[in-house]
Amino acid sequence: MRFFSSLFGGPKGADRKQSASRKKRAPHEGVAKCPSCGHELEKFPRARRKCPACKKWIHRHVDRAGNLVRLVTEQQAQEHKWSELNALLETTKKSGSKHDVAGVLRLHALEVFKEGRDHLALAQKAQRTQILASWPPGGIIGRLRIIGCADSCPACQEVIGKVFTVEEALKEMPIPPKNCTGSTKRPEQHGWCRCCWVPEIDD
Ligand SMILES: [Zn+2]
Ligand SMILES: [Zn+2]
């Protein structure tokens, strides 16, 4: 968990409390400077912030233990995040389960989504990997049902509750729908499909 949270801007919840009690502090040596324009900041920012001089984003490059390493630009933060995500995918492919690989692929899709880029192919790859890991064709479970959320978008509502054979699911890839608009209630989830497959058990 710690590794995942370090990827996404530091510990949250219980982790945050723990690190506060350990009194982790920003490095005191040197001066906090904007990585873009060199403007001297009064202190090391405790979160991502905009430089008061050049108005560019200043990110905190945090190591896996949650310690601040240095201040970086938006682009450096982006590059760092993706090198970590790609390394995570490689190690998971080598030593993790197929479920783990599906999870990391979904994480990749979510990051691409958050960056406002086209994440459909990646999200589908995550779904496909998940199906193959959990319910491989020819296995005990032959049919799958789509479940979603109460506030899922109209495109998702169309497919929620539908049952597919495993083969059909892999071929048709009905989730995420191509025209998914995500949550109808939460704007930050606009375009992010939260539908998933569950095994259909016959009575
Ligand atoms: Zn600046
Ligand atoms: Zn949707």
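Worth saying up front: this structure is predicted, and the values here are computed from it rather than measured.

(A) Quick peek at the packing of helix α3 (residues 74–95) against helix α4 (residues 98–114). The interhelical angle for the contact between α3 and α4, taken along N-to-C directions, is 165°, at an axis separation of 9 Å. Taken together, the axis directions place α3 and α4 in an arrangement best described as roughly antiparallel. Of the two elements, α3 crosses α4, and the hand of that crossing is left-handed. Of α4, the residues touching α3 (which contributes Leu85, Leu88, Leu89, Thr92 and Lys93) are Asp100, Val101, Val104, Leu107, His108 and Glu111. Each residue belonging to the contact of α3 with α4 can be placed in one class, and the counts come to six nonpolar, two polar and three charged.

(B) Up close: the pairing of strand β2 (residues 57–62). Pairing of strand β1 (residues 49–50) with β2 involves two bridges; the strand directions are antiparallel. Opposite Arg49, over in β2, you have Ile58 as the bridge partner. As consecutive antiparallel partners, β1 and β2 are separated by six residues, and within that stretch Lys55 has a phi angle of approximately 70°, a positive value. Linkage of β2 to strand β3 (residues 68–73), two consecutive antiparallel strands, is achieved through a turn of five residues, within which Gly66 is found at a positive phi near 95°.

(C) Region of interest: the packing of α4 against helix α5 (residues 120–134). For the pair α4 and α5, the least separation of the axes is 8 Å and the interaxial angle reads 165°. Judged by the inter-axis angle, α4 sits roughly antiparallel to α5. Crossing angle aside, the handedness with which α4 passes α5 is left-handed. Where α4 approaches α5, its residues Lys98, His99, Val101, Ala102, Leu105, Arg106, His108, Ala109 and Val112 are matched on the opposing element by Leu122, Ala123, Lys125, Ala126, Thr129, Gln130, Leu132 and Ala133. Per-class residue counts for the contact of α4 with α5 are 10 nonpolar, four polar and three charged.

(D) Looking closely at unusual backbone geometry. That bond from Ile175 to Pro176 is cis: its omega, -5°, falls within 30 degrees of zero. You can see Pro176 is positioned in the loop between α7 (166–172) and β6 (196–199). Non-glycine residue Lys55 carries a positive phi angle of around 70°. Within the element layout of this structure, Lys55 appears in the loop between β1 and β2. One non-glycine residue with positive phi stands out, namely Met173, at about 45°. Assignment of secondary structure puts Met173 in the loop between α7 and β6.

(E) Representation of the sheet that holds strand β5 (residues 163–165) within the structure. If you trace the three strands from one edge of the open sheet to the other, you get β5-β4-β6, paired in antiparallel fashion. Edge positions in the open sheet fall to β5 and β6, since each of these has one partner strand only. Neighbour-to-neighbour, the strand axes of this sheet turn through a mean angle of 40°, independent of strand direction. Sheet topology places strand β4 (residues 143–147) next to β6; four bridges connect them, and they run antiparallel. Opposite Arg145, over in β6, you have Val198 as the bridge partner.

(F) Region of interest: the nonpolar core. Among the nonpolar cores identified, the biggest contains 22 residues, and Leu105, Leu144, Ala169 and Cys193 are the most heavily contacted of them. The set of elements that each furnish at least two residues to this core consists of α4, α5, β4 and α7. Element by element, the count of residues in this core is highest for α4, at six residues. For Leu105, the residues in contact, after removing those within four places along its chain, are Leu122, Lys125, Ala126 and Thr129.

How each quantity is defined
Residues numbered from 1 in each chain as written. Chains lettered and ligands numbered in written order. Predicted model: local features only at pLDDT ≥ 70, side-chain atom pairs only at ≥ 80, totals over all residues. Axes fitted to C-alpha atoms, helices over the stretch in contact; angles between N-to-C directions. Helix = DSSP H or I, 4+ residues; strand = E, 2+ residues; numbered from the N terminus. Parallel < 35°, antiparallel > 145°, perpendicular 65-115°, else oblique. Left-handed = near helix turned anticlockwise from the far one by under 90°. Contact = placed C-beta atoms within 7 Å. Nonpolar A, V, L, I, M, F, W, Y, C, P; charged D, E, K, R; others polar. Pairing = 2+ DSSP bridges. Core = buried A, V, L, I, M, F, W, Y, C linked by C-beta atoms within 7 Å. Buried ≥ 20, exposed ≤ 12 C-beta atoms within 10 Å, placed from the backbone.

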